[in-house]
Amino acid sequence: MRLKNRLIRAAVAGVLSTSALLARQPRLAPLCDAAMRALARLTVRNKGIRPATDLADLGRQWQHGFPSAKQVPITRITDDTVYAEIHTPCPLRGSGDTAACWRMMAYDREVLAHADGQFVVLHSQAEAGRHHCEVAMRRSGVSLADLPPAHIRAPRAAGNGHA
């Protein structure tokens, strides 16, 4: 079992490193987006992710998109929002490149779309001092206006690759 876990961790790290490399280059954004969405669609098919039956199930459907729910714990559920964290180490950690984070999270947005939901990164590992991402999920069609995404709230300074 330990070998299997090491292989899964290595595969996840490889996918994250490759996607971060693509995401950090705004001119490669369409390729990054296509790759993340394709990976999400493959995951949806292989893991049987389906439309959520309720808000709690929305969080569970999103968690199914990851090798371990322990790496993506649900932290709380309110009347309209599921809050969670992403503890998987990200190659963007501390880079300040919240735009690249947004591009990489096309995976999560696609998984949630299949579960009839929406996804927002509230705080990114790309932000200084952050060791995990804080994210929020809502059902499709519910306003996200009160959930400021990290790439808007904490953008990198102009002229350094931020799209």
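From a predicted model like this one, the values you see are computed outputs, not experimental measurements.

Enquirer: Explanation requested: the confidence of the model for the chain in the structure shown.
Expert: Any residue range with low pLDDT should be treated as having predicted coordinates unsuitable for detailed reading. Overall, the predicted model of the chain reaches an average pLDDT of 91, with 95% of residues at or above 70. Confidence drops under a pLDDT of 50 for residues 157–163, and excluding neighbours within four residues, the segment shows 11 contacts in the predicted structure.

Enquirer: Whenever I open this one, the side chain of Ser124 confuses me. Can you help?
Expert: By the secondary structure assignment, Ser124 is in the loop between strand 3 (117–123) and strand 4 (133–139). A residue is classified by how much of its surface remains accessible, and Ser124, at 1% relative accessible area, is buried. A polar side-chain atom of Ser124 sits 2.9 Å from the main-chain amide nitrogen of Ala126. When residues no more than four places from it in sequence are discounted, the contact partners of Ser124 are Thr98, Cys101, Arg130, His132, Cys133 and Ala150.

Enquirer: What is the right way to look at the nonpolar core in this model?
Expert: Proteins that are soluble and globular tend to have nonpolar side chains buried together. The biggest cluster of nonpolar side chains holds 36 residues, and the ones touching the most others in it are Trp62, Ile86, Leu92, Phe119, Val135 and Met137. Where this core is concerned, the elements lending two or more residues are helix 1 (2–23), helix 2 (29–47), helix 3 (55–63), strand 2 (82–86), helix 4 (98–104), helix 5 (106–114), strand 3 and strand 4. Excluding residues that lie within four positions of it along the chain, Val135 makes contacts with Trp62, Val82, Tyr83, Ala84, Ile86, Phe119, Val120, Val121 and Leu122. Tyr83, Leu122, Ala136 and Leu147 belong to the second-largest nonpolar core, a separate cluster that totals 5 residues.

Enquirer: Looking at this model, I keep getting lost on the packing of helix 3 against helix 5. Mind explaining?
Expert: In a pair of packed helices, the angle between the axes and the distance between the axes together describe the arrangement. The geometry of helix 3 relative to helix 5 is characterised by a closest axis approach of 9 Å and an angle of 130° between their N-to-C directions. Accordingly, the angle class assigned to the pair helix 3 and helix 5 is oblique. Helix 3 and helix 5 meet at a crossing whose hand is right-handed. In this structure, helix 3 contributes Leu58, Gln61 and Trp62 to the contact, and helix 5 contributes Asp108, Val111 and Leu112. Residues of the contact of helix 3 with helix 5, tallied by class, amount to 4 nonpolar, 1 polar and 1 charged.

Enquirer: Got a minute to help me understand the packing of helix 2 against helix 5 in this structure?
Expert: Packing of helix 2 against helix 5 brings their axes to within 8 Å, and their N-to-C directions diverge by 40°. In terms of orientation, helix 2 and helix 5 fall into the oblique class. Along this stretch, helix 2 crosses helix 5, giving a crossing that reads as right-handed. For the pair formed by helix 2 and helix 5, the contact residues are Asp33, Met36, Arg37, Leu39, Ala40, Arg41, Thr43 and Val44 on the first element and Ala106, Tyr107, Arg109, Glu110, Val111 and His114 on the second. Partitioned by chemical class, the residues of the contact of helix 2 with helix 5 number 7 nonpolar, 2 polar and 5 charged.

Enquirer: Explain helix 2 here, please?
Expert: Since the α-helix advances by 3.6 residues per turn, residues separated by three or four positions end up pointing in the same direction. Here helix 2 is 19 residues long and its end C-alpha atoms lie 26 Å apart, about the 27 Å a rise of 1.5 Å per residue gives. Taken together, the buried positions of helix 2 are occupied by Ala29, Cys32, Met36, Ala40, Thr43 and Val44. Each buried residue of helix 2 lies within a common arc of 105° when the element is viewed along its axis, so the set occupies one face. Away from its buried face by more than 90 degrees, helix 2 exposes Pro30, Arg45 and Asn46. Gly48 occupies a position one or two residues after helix 2 and carries a positive phi of about 65°.

What counts and what doesn't
Residues numbered from 1 in each chain as written. Predicted model: local features only at pLDDT ≥ 70, side-chain atom pairs only at ≥ 80, totals over all residues. Heavy atoms only, no water. pLDDT = per-residue confidence, 0-100. Contact = heavy atoms within 4.5 Å. Helix = DSSP H or I, 4+ residues; strand = E, 2+ residues; numbered from the N terminus. Buried < 20%, exposed > 50% of the residue type's maximum accessible area, 1.4 Å probe, protein only. Polar contact = N/O pair within 3.5 Å; in protein donor to acceptor, adjacent residues only side chain to side chain. Core = buried A, V, L, I, M, F, W, Y, C linked by side-chain atoms within 4.5 Å. Axes fitted to C-alpha atoms, helices over the stretch in contact; angles between N-to-C directions. Parallel < 35°, antiparallel > 145°, perpendicular 65-115°, else oblique. Left-handed = near helix turned anticlockwise from the far one by under 90°. Nonpolar A, V, L, I, M, F, W, Y, C, P; charged D, E, K, R; others polar. Expected span 1.5 Å × (residues − 1). Arc of directions from axis to C-beta.

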